[in-house]
Amino acid sequence: MTLEQTLEQLSQQEYPRKVDVVDRVMAQVQQKPYLRPVRRTVNWRPISIAAAAAVVALFIVNITIFRPSTLSNEDMGLAISQFNDYSSWNTVEEAAANPYEYLYEDDEEENL
Amino acid sequence: MEDKQIVDAVLAGDTRQYAVIVERYQQIVANLTYKLCGNRLEIEEVTQQVFVELYTALPRFRFDSKLSSYIYRITVNVVSKMLKKAKRFVSTDEYEDFPEQQSDERNAQQQIIYNEQMDQLRTAIGHLKDEQRTALVLYTFENFSYQDIADVMQCTLSKVESLIFRAKKNLAKEIKQ
């Protein structure tokens, strides 16, 4: 008898007894409340994928808009002081009325 | 009543319906278990464990495949786990003597040879690696297609082909010895 034939013979043989585990399974299943399945109402998979995508998008937007300045501390200080100078102008009209004052202010200071 | 309807009813809270699933598949599970591990003392225990595990896994089952395939997969996992735990292989003395068919048509000598061959084959199957034994049993004894086996074992088609090929090769080698 070949291997295939022997396997075929063996495949014809089944567990000779009638199995009945219904009561045992049901008793085990119902006695343990933690085994009680929860009714599936929400499919969390697409929700979790969308949430993960949103987190990644927020991260990218964050580092694009609020990326750290490349200015050194000295440059940053200069920029702030210049901003303060210009902000000391009260109005555009005032600046227009005294153009030379503003134009030559630095020069005068240098000449002094 | 379709499997899906029963599963939906169980998940909706009518847990008594689960008995129908157990009733429907318990003998199939027992037969597969018997071919996989051959230990008749564990058959009912394994069958019970399979259905307890199926019950806890039901909320995750989405009917992407047949319920029967899912049950086969759980059976294979449970048997494999229990065999590893017990570290026990199939041996001839663990099998129950089958009621021999057509015994009146065989003479005594043929009967002895036949029984020896069957015992030798069972022992050899028991010596196969878990994956090879599972693939071989599903293909040969349960008439699963390669694709069905790949679904049950969660592996590729080529791996299934390879497992079955190696299983047969190892069986032939052991039987010749």
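In case you missed it, the structure is sitting above this.
Residues numbered from 1 in each chain as written. Chains lettered and ligands numbered in written order. Predicted model: local features only at pLDDT ≥ 70, side-chain atom pairs only at ≥ 80, totals over all residues. Heavy atoms only, no water.

Engineer: Could you give an account of helix α4 (residues 67-86) of chain B, naming the residues involved and the relevant values?
Structural biologist: For α4(B), which comprises 20 residues, the first-to-last C-alpha distance of 28 Å matches the rise-based estimate of 28 Å (1.5 Å per residue) to within 8%. Burial analysis of α4(B) places 14 of its 20 residues in the buried class, which makes it a mostly covered element. (Helix = DSSP H or I, 4+ residues; strand = E, 2+ residues; numbered from the N terminus. Expected span 1.5 Å × (residues − 1). Buried < 20%, exposed > 50% of the residue type's maximum accessible area, 1.4 Å probe, protein only.)

Engineer: Break down the interface of chain B and chain A for me, with residues and values.
Structural biologist: Listed per partner, the contact involves 44 residues of chain B and 30 residues of chain A. Interface area, chain B with chain A, both sides summed: about 3,900 Å², of which 61% is carbon and sulfur. Looking only at chain B, the three residues that lose the most surface to chain A are Glu44(B), Gln48(B) and Tyr55(B), adding up to 15% of its buried area. Where chain B packs against chain A, one counts two salt bridges. Of the charged contacts, one joins Glu4(A) and Lys168(B) as a salt bridge, the two residues approaching to 3.1 Å between their closest N and O atoms. Applying the counting rule to chain B against chain A returns 11 residue pairs in polar contact (both at pLDDT 80 or more). Among the secondary structure elements, those contributing two or more residues to the side of chain B that touches chain A are α1 (3-11), α2 (18-37), α3 (40-57), α5 (108-127), α6 (130-141) and α8 (157-176) of chain B. Split by residue class, the side of chain B that touches chain A holds 24 nonpolar, nine polar and 11 charged. (Contact = heavy atoms within 4.5 Å. Buried area = accessible area lost by both parts, 1.4 Å probe. Salt bridge = Lys/Arg side-chain N within 4 Å of Asp/Glu carboxyl O. Polar contact = N/O pair within 3.5 Å; in protein donor to acceptor, adjacent residues only side chain to side chain. Nonpolar A, V, L, I, M, F, W, Y, C, P; charged D, E, K, R; others polar.)

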